[in-house]
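Per-entry structural report
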Amino acid sequence: MDTPAYQQPAAVQIIRDKRGVIVGHFETQNHTKKTIARDAHGLLVGQYDHRANVTRDARGVLVGSGNLLPALVLR
């Protein structure tokens, strides 16, 4: 039996630098169709909206078209 999207946990992808140190992570939320980027301390750095195909920073300001979250995490 398939569970509804709102009951499924967010998929988390850990981002590491070339030394192996964690610099952030991405949380893909299936029910909102958004991917949230957080830094190594867990602070929000931006979000990517899959439906609108745009990336916004932590303040909600448009960064650009497409998924630009890696650029925000590695800043």
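Predicted model only: the values in this text are computed from it and were never measured. (Residues numbered from 1 in each chain as written. Predicted model: local features only at pLDDT ≥ 70, side-chain atom pairs only at ≥ 80, totals over all residues. Heavy atoms only, no water.)

1. Describing the sheet that holds strand S2 (residues 22–29)
With antiparallel pairing, the 6 strands of this open sheet are ordered in space as S1-S2-S3-S4-S5-S6. What marks the edges here is a single partner per strand, and that holds for strand S1 (11–16) and strand S6 (62–65). Along the sheet, successive strands turn relative to each other by an average axial angle of 20°, direction set aside. Judged from the 3 bridges that link them, strand S5 (residues 54–57) and S6 form a sheet pairing that is antiparallel. Across the sheet, residue Thr-55 finds its bridge partner in S6, namely Gly-64. (Pairing = 2+ DSSP bridges. Helix = DSSP H or I, 4+ residues; strand = E, 2+ residues; numbered from the N terminus. Axes fitted to C-alpha atoms, helices over the stretch in contact; angles between N-to-C directions.)

2. What to know about the environment of Leu-44
Of note, Leu-44 is situated in strand S4 (residues 44–49). Since its relative accessible area comes to 38%, Leu-44 is described here as partly exposed. In sequence terms Leu-44 and Val-73 are 29 residues apart; their C-alpha atoms lie 9.4 Å from each other. Sequence-distant contacts of Leu-44, that is, excluding residues within four places in its chain, are made with Ile-36, Ala-37, Arg-38 and Ala-58. (Buried < 20%, exposed > 50% of the residue type's maximum accessible area, 1.4 Å probe, protein only. Contact = heavy atoms within 4.5 Å.)

3. A few points about the pairing of S5
The sheet contact formed by S4 and S5 spans 4 bridges and is antiparallel. Paired with Tyr-48 across the two strands is Thr-55, which belongs to S5.

4. Topic: the pairing of S1
Note that S1 and S2 share 6 bridges and pair antiparallel. Across the sheet, the residue bridging to Gln-13 is Phe-26, located in S2. Where S1 hands over to S2, the hairpin turn is made up of 5 residues, of which Gly-20 adopts a positive phi near 95°.

5. Remarks on the pattern of salt bridges
Per the counting criterion, the structure on display carries 3 salt bridges. Taking the shortest distance from any N to any O, the salt bridge between Arg-19 and Asp-17 comes out at 3.1 Å. The exposed category is assigned to Arg-19, whose relative accessible area is 68%. Linking Arg-38 and Glu-27 is a salt bridge whose minimum nitrogen-to-oxygen distance equals 3.2 Å. Placement of the pair is Arg-38 in strand S3 (residues 34–39) and Glu-27 in strand S2, with a sequence separation of 11 residues. Its relative accessible area of 25% is what places Arg-38 among the partly exposed residues. (Salt bridge = Lys/Arg side-chain N within 4 Å of Asp/Glu carboxyl O.)

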